Every structure is written in structure tokens, then in C-alpha cells.
Amino acid sequence: MLAVPLAPAPAQVTRTAYWSRLLPALAALACVTRIPSFVRPLWNPDEGYLAVQARLLAQGGHLYETVVDRKPPLVPWLYEAVFALCGSGSLAPVRVLAVLAQALTAVLLASLARRRWGDTAGRAAGVLYLLVSVGLNPEDAQAATFEVFILPCTAAALWCADRGRWAAAGAAVACAFLAKQTGGAVLLPGAWLLHRAGTPRAGAVRLAAGFALPVGCAALATDPAGFLFWTVTGSAAYASFTGSELHVLGRCLGNTAILAVACAGLLPPVLRTLRTTRAAADLWLWFAASAVAVAAGFHFFGHYYLQLTPPAALLATAALRHLPRERLTAAVLTSAGCCALFLTWGLFAPRPELAHAQRLAAALAQRTAPTDRVLVWGMHPETYWLAGRTPATRYLTAGLLTNYSGGRDGPQVGEAYAVRGAWPVFRAEMAAHAPTLVVDDSRGRPYAPPHIPTLNHLLASRYEEVARVDGAILYARTPRG
């Protein structure tokens, strides 16, 4: 007797048809919105920092020991893995991963919105998120850096918490934290959903265990003491804005205004139905926690604002479902128009700092051998990567040695404000493997060598000026050096 195959359930057919149409559309939109990211070799110094870190790790370096940063290890490891597979000469493979990260974030948001509010809401959430995700200065929105890889982790954390999968939600929060510390902000809406679920004790244990296990493994895989210092306890001076209040306020207002333009299609429905959407308490908590994450450290760089875009897209979706259908169409069209403006900006805006770094790297490569160690005293670690030269120190920018990190223009810049213990280590490195060439790329900023006694003495006693490139000064070691 022949077995007759059972027909798939109607709900399963509907689900399959829904995603078979939506997934390709979201993937295509993610690719379109990330086109500008492929037109330049680098977008910002964070990409350069990660590229140099990945090369040093591939050469046997150890994170938080032979190369350091104030960030958790997940994204440096990601860069290292990509370089191992595809080579370290281009960031294009990493940019492909950034496209996938954005597409995955959109899919998770669409799934969450569909579960709560239906098919149309799912499509709207995914599309609106991708349209506003590029609504910042292109060097912030198009770079494949920490925040881009936070986003799918935070969306996954809320997706899991919404379904009561507490261990998986904890693991997703851990991945967000390990991409960048501020990713842990999504724990707040997750905890709210846990409270609302009515089983807080058992769920809290699973949530905590899911978070602690990946973080503990990452600490053990690096150096536990170094992991704690560089990700948590060693950044007190970095988080202060004393003396830079107007500088910080200007950046905050500027980047807030830029993102508001990108969200022009989302803001009216959210504001119009604010009272109604208060029911989505977890989304408001997610947005508020993300806003605190943006403000953490008082730097307000544009890429920090990316964490606001997933909850903003969901809040807009929640608002639009209460309004006539034409309001949804207007929101999508407005967001698409703003997205087109930002993509045009990304494709055609000049990047003078990249051109400067390229010229400086060419001069550096011309005057040194591939095996030589060099020191670039500035805030553009990409110079090392572009020149293909090894840094003479674990500190890839002057920021860690002077607290200029974040573009501080106030008085708290100098040796006294460095990361604790950095200068003794720096002096030991200069003695152990003195750089063949030193590049002073400070160009009159507060961390210029005349303001840094140790570096000024090093240059005066062991080096001599040999060239100038775009305002940067190149120093070669003298015979007595």
C-alpha cells in the first residue's frame, strides 16, 4: 500500500511563502544600502585599528598584552578570522559580513514585529530599519566596525527574550557586550520581558548563565586581568569630558540632528501615537537603554547612534499599525528618500583624512623595509595597515598615551592622563625595539611632541627630521640612536 504524503499545514505554507518573499527583498535592500561601504578602502580610524590588530594577532600577538584597545575581543577576532581566510590586504570581505549583519538584524526585527502585530508590520519593520540604518555620516554608517556587529546580537537578544528563551537571550546579550561594552544595554528590555513572563527566578538563572558563560570564556581565552582592565576598569579618564563641554555638546547635537533627518519618516507617527505605543514598554526601555549607551563616555560619535536604529524602527512600526495605511506608505517613501540622500553622500563625499593617510603610508613604506618597526604618533592607525609596517608599540594611537581619544580639545590631554601604567610600558618598548622611523602626525593638536616630555626627549636625543608630508613630520633614527 502506497503511503500518501501529508500536505503541509496551511499555517506552515503561509509562513514559508511569507519568508520566501521577504528574505530576498531584505537581502537586496541590505546590499543596496551598503554599496558606498565598498567604494573606499577605509572609512574611519576604527577600521584601521581593527585591521592592524588583526594583523598583529595573526603574527602571534596576544590581545590585551602585545596589542591593546578599550574594546572586548569579538570584533578583532572576527577581523582576524576574515584575514586568515581572505588575506589582510582588503577590508571588502569584512564589509560583506557587515552587509550580512545588517540583513540579519532586519530579519530578526521583522520576525519580532510579525509575531506581535502581523505580516504587514513584519515587512515594515525590516524595511524601515534598513532604510534608516545608513542615516549618519558615511564614515559612521558605512564602516564595518563595532556597532554594526552589535546590532544583530541586540536584535537576537530581544527576539529570544520575546519567546522566553532566556539562556539564548543571555548568550545574545553576551555577544553584544563582547562586540562592544554598550551592547549590554539590551539586557534591560530583556529583564523587563523576563519580569513580565511571571517566572523570574528560573528565567533569571538561565539568562545570567547564558550571559556569563561566553563572557567568561572570552576572558579566559585572552588574559582575564587584561580583559577586565581594558573593557571595564581602565577607562575612567576616557569617560570624562571636563574642559571639552562645548566640543562634546556640538558633536552630540550635530549627530542627533543627522539621525533625525534619516528618521524623518519615523518620527511623526511615533510622536503622534506616543500615548498608544507606551504599551510596548520593552521597546521604549530598549530605546532608552540604547540612548544611555550612546551617551556613555560623553563622546557622541556618530556610529554610537546606530544602536538607536533597531528600537526606533520597531517603535515606528508599532505606531504605524494604528494609523491609516497611507501613513505607512508615506513613512516608507520618506525614509527611502532620506536613505537615497545618505547613499549619495557616501558615494561622492570627499574623505581628505583617508587621502592624507594614504600619502603618509606611501612615504613611510618608501623609507623603511617591511621588517622595520615604526611609530606613528597620531590618531590614524590605518597608516600602519596601509603601509604594511609593524607598530613599535602596543599602543596604536596617541590617544591611549595622552587621553586625546575621542577628540578631546580640553585641558585633560597629556602624559598625566594616559591609561594607567602605559608610559612605563611604552618606554620599555622603545628601548627593546626602537622604531626605525617615527611619524609625528599630531599636526598641532594638544598631544604634539612639544607637549609630551617623554616623546619630545626621545625625538631630540635619538632622531632627526628627514621629511614632511601634509604637515606630518618624519624622523629617522640617528647613528647614535
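About the cut-offs
- Residues numbered from 1 in each chain as written.
- Predicted model: local features only at pLDDT ≥ 70, side-chain atom pairs only at ≥ 80, totals over all residues.
- Heavy atoms only, no water.
- Helix = DSSP H or I, 4+ residues; strand = E, 2+ residues; numbered from the N terminus.
- Contact = heavy atoms within 4.5 Å.
- Patch = residues over 30% accessible without salt bridge, like charges linked within 9 Å, V, L, I, M, F, W, Y side chains within 5 Å.
- Areas by Shrake-Rupley, 256 points an atom, 1.4 Å probe, with all protein chains shown as cover.
- Salt bridge = Lys/Arg side-chain N within 4 Å of Asp/Glu carboxyl O.
- Buried < 20%, exposed > 50% of the residue type's maximum accessible area, 1.4 Å probe, protein only.
- Core = buried A, V, L, I, M, F, W, Y, C linked by side-chain atoms within 4.5 Å.
- Pairing = 2+ DSSP bridges.
- Right-handed = clockwise from strand over helix to strand, strands pointing away.
- Phe/Tyr/Trp six-rings, centres within 6.5 Å; stacked < 30°, edge-to-face > 60°.
- Disulfide = S-S within 2.5 Å.
- Axes fitted to C-alpha atoms, helices over the stretch in contact; angles between N-to-C directions.

Draft legend 1. Broad picture of the environment of Gln358. Within the element layout of this structure, Gln358 appears in helix H18 (residues 352-367). Here the alpha-carbon distance between Gln358 and Ala174, two residues 184 residues apart in the chain, equals 37 Å. Residues within four places of Gln358 in sequence aside, it is in contact with Pro41 and Leu386.

Draft legend 2. Geometry of a nonpolar patch on the surface. Together, Val32, Ile35, Val39, Leu347 and Phe348 make up a nonpolar patch on the protein surface, roughly 460 Å² of accessible area in all. Within the secondary structure, Val39 sits in the loop between helix H1 (10-33) and helix H2 (45-58). When its relative accessible area of 43% is taken as the criterion, Val39 is described as partly exposed.

Draft legend 3. Up close: the nonpolar core. Counting residues in each nonpolar core, the largest one holds 152 residues, and the members touching the most others are Tyr79, Tyr305 and Leu314. Other than its neighbours up to four places away in sequence, Tyr305 contacts Leu136, Cys252, Asn255, Thr256, Leu259, Val294 and Phe300.

Draft legend 4. The pairing of strand E1 (residues 373-377), seen in detail. Counting buried residues in E1 gives 4 out of 5 residues, a clear majority hidden from the surface. Looking at chain direction, E1 and strand E2 (residues 390-391) are connected through 2 bridges and run parallel. Residue pairing across strands places Val374 opposite Pro391, the latter belonging to E2. Taken together, E1, helix H19 (residues 382-387) and E2 form a β-α-β motif whose crossover is right-handed. As defined by bridge partners, E1 adjoins strand E3 (residues 437-440) across 4 bridges and the pair is classed as parallel. In the sheet register, Leu375 faces E3, and the bridge partner there is Val438.

Draft legend 5. Region of interest: the packing of aromatic side chains. In the structure shown here, the tally under the stated rule is 13 aromatic pairs. An angle of 90 degrees between the planes, with centres 5.6 Å apart, marks the rings of Phe301 and Tyr304 as edge-to-face. What makes Tyr304 buried here is its relative accessible area of 8%. Centroid distance Phe342 to Trp345: 6.0 Å. Interplanar angle 35 degrees. Geometry classified as tilted. With Phe342 and Trp345 both in helix H17 (residues 325-348) and 3 residues apart, the pair spans about one turn of that helix. Put simply, the rings of Trp377, Tyr404, Trp423, Phe426 and Tyr447 pair up and form one aromatic cluster.

Draft legend 6. Expanded view of the state of the cysteines. A full pass over the atoms with the stated rule returns 0 disulfides. The thiol of Cys31 is unpaired, and the distance to the nearest cysteine sulfur, on Cys339, comes to 13 Å. For Cys31, a relative accessible area of 42% gives the class partly exposed. The cysteine Cys153 is free of any disulfide, with Cys175 supplying the nearest cysteine sulfur at 5.1 Å. Classification of Cys153 by relative accessible area gives buried; the value is 14%.

Draft legend 7. The arrangement of the sheet that holds strand E4 (residues 463-469) in detail. Taken together, 5 strands build an open sheet; the order of strands is E2-E1-E3-E5-E4 and the sheet is mixed. Both outer strands of the open sheet, E2 and E4, are each paired with one neighbouring strand and no more. On the sheet, helix H22 (residues 453-462) packs against E1, E3, E4 and strand E5 (472-477) and is oriented at approximately 105 degrees with respect to E4.

Draft legend 8. The pattern of salt bridges, seen in detail. Taken as a whole and judged by the stated rule, the model has 13 salt bridges. Of the charged contacts, one joins Arg116 and Asp162 as a salt bridge, the two residues approaching to 3.0 Å between their closest N and O atoms. You can see Arg116 sitting in helix H4 (residues 92-117) and its partner Asp162 sitting in helix H7 (residues 146-162), a full 46 residues away along the chain. Classification of Arg116 by relative accessible area gives partly exposed; the value is 23%. As a salt-bridge pair, Glu139 and Arg351 come within 2.5 Å of each other at their nearest N and O atoms. With Glu139 in helix H6 (residues 138-141) and Arg351 in the loop between H17 and H18, this pair connects stretches of sequence that are 212 residues apart. The exposure class of Glu139 is partly exposed, given its relative accessible area of 30%.

Draft legend 9. Structural context of the pairing of E5. Here E5 lies mainly inside the structure; 5 of its 6 residues are buried. Note: E3 against E5, 4 bridges, orientation antiparallel. Of the residues in E5, the one forming a bridge with Val439 is Leu474. Looking at chain direction, E4 and E5 are connected through 6 bridges and run antiparallel.

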